[in-house]
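Results of the structural survey
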Amino acid sequence: MTEQPIVSLQALPASHLARLQAFIPELIAERRKRTRQRLWDWLQIDDSRYFIKTTRLDSAAARLRVSLGLRRRSGARDWPIAELRNSCKVNRITSAAPKLLGYSNVRNAIGLVGEVVLIHEDLTGHINGAQWVQRYQAELPRLIPRLIECILELNRLHIHHLDLWLGNFMLTDCPEPEVRVIDFENCFLQPTKYLPETLGYQFGILYEYELYKHVSETEYDRLTRAATASLTQIERQRFEGFYGYYKHHGAGRKERYLIPKQGQHVGGKKSLR
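Now for a description of the structure that goes with this document. Predicted, not measured: the structure shown is a model, and the values here were computed from it. (Residues numbered from 1 in each chain as written. Predicted model: local features only at pLDDT ≥ 70, side-chain atom pairs only at ≥ 80, totals over all residues. Heavy atoms only, no water.)

With that out of the way, let us pick up the overall build of the protein chain. Scanning the protein chain from terminus to terminus reveals nine helices and eleven strands. Taking 273 residues into account, the globule formula puts the C-alpha radius of gyration at 19 Å, and the protein chain, at 20 Å, falls close to it. Once the C-alpha set of the protein chain is aligned to its principal axes, its extents read approximately 55 × 45 × 35 Å. Each of the 273 residues in the protein chain was classed as buried or not, and the buried ones make up 49%. On the protein chain, roughly 13,300 Å² of surface is accessible, and the fraction owed to carbon and sulfur atoms is 51%. In the protein chain, 40 side chains carry a positive charge and 30 a negative one; their mean positions are 8 Å apart. (Helix = DSSP H or I, 4+ residues; strand = E, 2+ residues; numbered from the N terminus. Rg over C-alpha atoms; globule rule 2.2 N^0.38 Å. Buried < 20%, exposed > 50% of the residue type's maximum accessible area, 1.4 Å probe, protein only. Areas by Shrake-Rupley, 256 points an atom, 1.4 Å probe, with all protein chains shown as cover. Lys, Arg positive; Asp, Glu negative; His and termini not counted. Charge placed at Lys NZ, Arg CZ, Asp CG, Glu CD.)

Dropping the structure here:
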């Protein structure tokens, strides 16, 4: 495979670009060795630390789409391209996400993109939410309202993240952490007519993926309903239908996207709107 020069989205020293370019084939070789579709690692250069992730495109159709700049039949982008594009948009709107600093494509023998490499700033001093809970279990009651407020603030900015579980929150390693968010490949970046449904899904998924192990459903219900106290009666009905469902069910990428787009969830239930 032939790696392309790194496209810099932020000003990076030439010596850092050279080191990053040399690191990419090492990361890809390790991904192949582990037979993983995705692999990430960190690279320290002088006083800077980078987070580098490589993703293999696992079908001929995906390789062709990415090479030609095409979308899936559903209208969605392939995962690494969605993450690249969405990260750029989010970085322009908020500092809640780590900066995407650059990217590179790796092409196969016939010239099709077979691998996409993203280079982010490393969130030094941060750990993901699942790790944070293990270290600061006693502080969790104070953390949950902050996670909920982070979701609300992103939605106010028309950033509807559709995969917000504990592992996609990055927190400073202390009892009262700053909150950042990662992995924007699965999100809806425009206003939605279905905000109550979207919030219901987001708050439900946050509980269903991991958080349920650490807080009772009754307490979590109290916190989410306090955060959505301004909803009208009709909006409350719309919220509760999705919140009640997704506290106990997951959803695939396509189904998640239908919520802010059409107000419909995986079970086929339409919004009350």
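Text resumes after the structure shown.
On the surface, Leu64, Leu68 and Leu70 cluster together to form a nonpolar patch covering roughly 280 Å² of accessible area. Locating Leu68 in the fold gives a position in helix 2 (residues 60–68). With a relative accessible area of 55%, Leu68 lands in the exposed category. (Patch = residues over 30% accessible without salt bridge, like charges linked within 9 Å, V, L, I, M, F, W, Y side chains within 5 Å. Salt bridge = Lys/Arg side-chain N within 4 Å of Asp/Glu carboxyl O.)

Turning next to the pattern of salt bridges. Scanning all chains against the criterion turns up 23 salt bridges. Here Arg135 and Asp173 are joined by a salt bridge, their closest N and O atoms 2.5 Å apart. Of this pair, Arg135 sits in helix 4 (residues 129–135) while Asp173 is found in the loop between strand 9 (169–172) and strand 10 (179–181), placing the two residues 38 residues apart along the sequence. Relative accessible area serves as the criterion here: at 49%, Arg135 is assigned to the partly exposed category. Taking the relative accessible area as the measure of exposure, Asp173 reaches 33% and is therefore partly exposed.

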